[in-house]
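Close look at the chain arrangement
Residues per chain are reported as follows:
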Amino acid sequence: MDRNALFVSCTIVAVFAWLQPVLAQAPVEAQTEPFQYFQGFETDADPLQFWTSYDKKYTINFKGPTTEKARSGKQSFKLDITFEETSRFLWHIPIEGNVPVGGKLAFSGHMLLGDQTTGTATLGVSFRFPPTKFSGCTAPNRFYGATGGEWKTVGGDFVRRGRDIANSIVTTRMEGVTGEHVGVFLERIIFDLRGKAGQRVVLYADDLAITGEVPTQDAYRDEMTRRWGTMKEALDEKLNAWEARLDEAGTALAEFAELSPRAERLRRELVTGVGDAKAKIQAARDAGQIEKVQRDEIESVLGRLQGIAAITALSDAEREGRSALVYVAQPVSATMILPDQGVVPGVVSPEIPVVAARGEYEPASFVISALTALEDLRVEVDDLQGDGGAIPGSQVDVKAVKCWYQAGTAWTGIRQDKSRRILTPELLLNDDSLVKVDEEKKENHLKLSFPEGEKYVWISDPTDRKGGGSLPVAKFPVKDSPVLLPVDISSGRNKQFWLTVHVPADAEPGAYTGTITLKTPGAVIAELTLKLDVLPFELLPPYYNSSMDYPSSSCPLTTTPAWTTMAGRGPARAPSAHGARVGRSSARSCRTWSRMG
């Protein structure tokens, strides 16, 4: 299969009502019928319909049947387009009826590109995958930039191709669903054109054919019903388990009484979250399926339900006039911890447990929820003491977790959507002021450190930029502090901190404890006990090269071409120290490396 053919896009549309009980695709050997489609463009009718240009501008120089060229007969179809903006443009010929993609089914098309062509083009088909809402999932063939005046044949058997694309789409987006569970139906033949602004594609197409033996509608529907049922049973079990946890939480939340104002707001926030999660579960029951985005939203609520245990502690702390409440949180979690959320997904506790092997780096995290404004707050780590001696406090690296605005699906995916800006806990910084965030405008500003002084630059420009180069350090001096600096936390706000505990290779096995002190110039806010359990063995080195280095033309958070944390810290030796074997490196490329334990 050509690599270009692996590109898949998909649009979500409503499913036809009669397909609601249609379930998963599987080979159906019996009860097949022949299927044939042919388009030779020998009449003056124009069957090609516009599909999408992704809101980019273009000019149609010619569109329709023509006698200029023909692979057979007297005519072919000509599509002559000039790209006013860089994009991918799609036209299509709809395939009438519900054509199940099973048995044996193949597409063949013939294309020729005119000499004026400077972009690329191909032909292909698209599928839909009931009973999910995924439709418009394209399967282009090899892209050509030129054909040398010759007709090129594209296509092939797309039964397996449809299954592969179904698996790619639904496995990524749906909870518990794979390509084996859904139906695959043929939608359309596509004309796929791509180019940059100012480029042109002159495409001639002829003799488009789809032929084969496909399952009958009844046979295909019966087999899909059986396949979908296996997924449905597992989904129902998961929904029941979620609902039971929410019911238990609802009962516990109803039993609280005489809380402080902030604790009562926390309780109400959790009650609202439980109700929202139950509504999503009911919607999933009604639909018989659930997307991973909705699953993550439900599990986020379940994660925040840890806050039930903190309600009494918060109420007591507020009444006693304490300045902060400290939560111990999971460092790696599907639940975001944001500055303004009332419910912190963690446990109010003075102890931070860590278990690690000798030589290992292990993460931990805590969150300070300020009940009054905290200025110039510092985090100090003492040496860890144990029966095997001491582990220096310098082996515990502390970073502030910075939330900043990112586009698209941010926390839950990688799709670009610059119309949306999501506050995301993503950076690990020593200098929390390195990035300044405007929550009202949802914008980020980055601090540059020039010899004459510091200044902030706006880094939330939504404009698409292609082929941009890197800037020298003298013009774009971004530099994090070498040590953790004090932070300010406003009243009612949360601040998360990330610990990376390094166990020396020669550390004796056993239990170690150390103190983490949180203090302002006027008072000690809290003392936490770091409890480290050192295991009596070393981890084996990784057995594969993990290509964790991503070269880029610019590096917004580092000043040297070295390995860094999310926030721009760390010498080039850092990956090997953390057990990462890197297959390649480049002194000219910026590297980022996530220290997620």
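Above this text is the structure in question.
Presented here is an overview of the structure given in this document. Note that the structure is predicted; figures quoted are calculated from it, not measured.

Along its length, the chain carries six helices and 29 strands. Contacts in the chain between residues far apart in sequence, at least 24 positions, make up 77% of those at least 6 positions apart. With an accessible surface of roughly 29,000 Å², the chain has 50% of that area assigned to carbon and sulfur atoms.

Turning our attention to the nonpolar core. Taken as a class, soluble globular proteins show a tendency for nonpolar side chains to be buried jointly. One finds Phe127, Phe129, Phe191 and Ile210 to be the most contacted residues of the largest nonpolar core, which totals 85 residues. Residue contributions to this core peak at 10 residues, all from helix H2 (residues 217-254). Aside from chain neighbours lying at most four places away, what touches Phe127 is Val101, Ser135, Gly136, Cys137, Ala139, Phe158, Gly162, Ile165, Val184, Phe185, Leu186 and Glu187. In this structure, Val328, Ile352, Val487 and Val503 belong to the second largest nonpolar core, which totals 34 residues.

When you tally the buried positions in strand S5 (residues 76-83), you get eight out of eight residues, the bulk of the element. Where burial is concerned, the two faces of S5 agree: the one with Ser76, Lys78, Asp80 and Thr82 and the one with Phe77, Leu79, Ile81 and Phe83 are both buried. Both strand S4 (residues 58-66) and S5 contribute to a ladder of eight bridges, which runs antiparallel. Counted as the bridge partner of Thr66 is Ser76 from S5. In the sheet, S5 pairs with strand S13 (residues 200-215) via six bridges, with the strands oriented antiparallel. Paired with Asp80 across the strands is Val202, a residue of S13.

Turning our eyes to something else, we now look at H2. In a regular helix each residue adds 1.5 Å, so 38 residues correspond to 56 Å; H2 covers 52 Å between its end C-alpha atoms and thus fits that length. The largest bend in H2 is about 25°, located at Gly229. Residues Ala219, Tyr220, Glu223, Met224, Trp228, Met231, Leu235, Leu239, Trp242, Leu246, Ala249 and Leu253 constitute the buried set of H2.

What follows covers the pattern of salt bridges. This model, assessed by the stated rule, comprises 33 salt bridges. A salt bridge links Arg227 to Glu223; the shortest N-O distance between them is 3.4 Å. Taken together, the residues span about one helical turn, with Arg227 and Glu223 both in helix H2 at a distance of four residues. Given a relative accessible area of 19%, Glu223 falls into the buried group. Lys402 is paired through a salt bridge with Asp432; the nearest N and O atoms lie 3.5 Å apart.

Definitions and cut-offs
Residues numbered from 1 in each chain as written. Predicted model: local features only at pLDDT ≥ 70, side-chain atom pairs only at ≥ 80, totals over all residues. Heavy atoms only, no water. Helix = DSSP H or I, 4+ residues; strand = E, 2+ residues; numbered from the N terminus. Contact = heavy atoms within 4.5 Å. Areas by Shrake-Rupley, 256 points an atom, 1.4 Å probe, with all protein chains shown as cover. Core = buried A, V, L, I, M, F, W, Y, C linked by side-chain atoms within 4.5 Å. Buried < 20%, exposed > 50% of the residue type's maximum accessible area, 1.4 Å probe, protein only. Pairing = 2+ DSSP bridges. Expected span 1.5 Å × (residues − 1). Bend = angle between axes of the 7 residues up to and from the residue. Salt bridge = Lys/Arg side-chain N within 4 Å of Asp/Glu carboxyl O.

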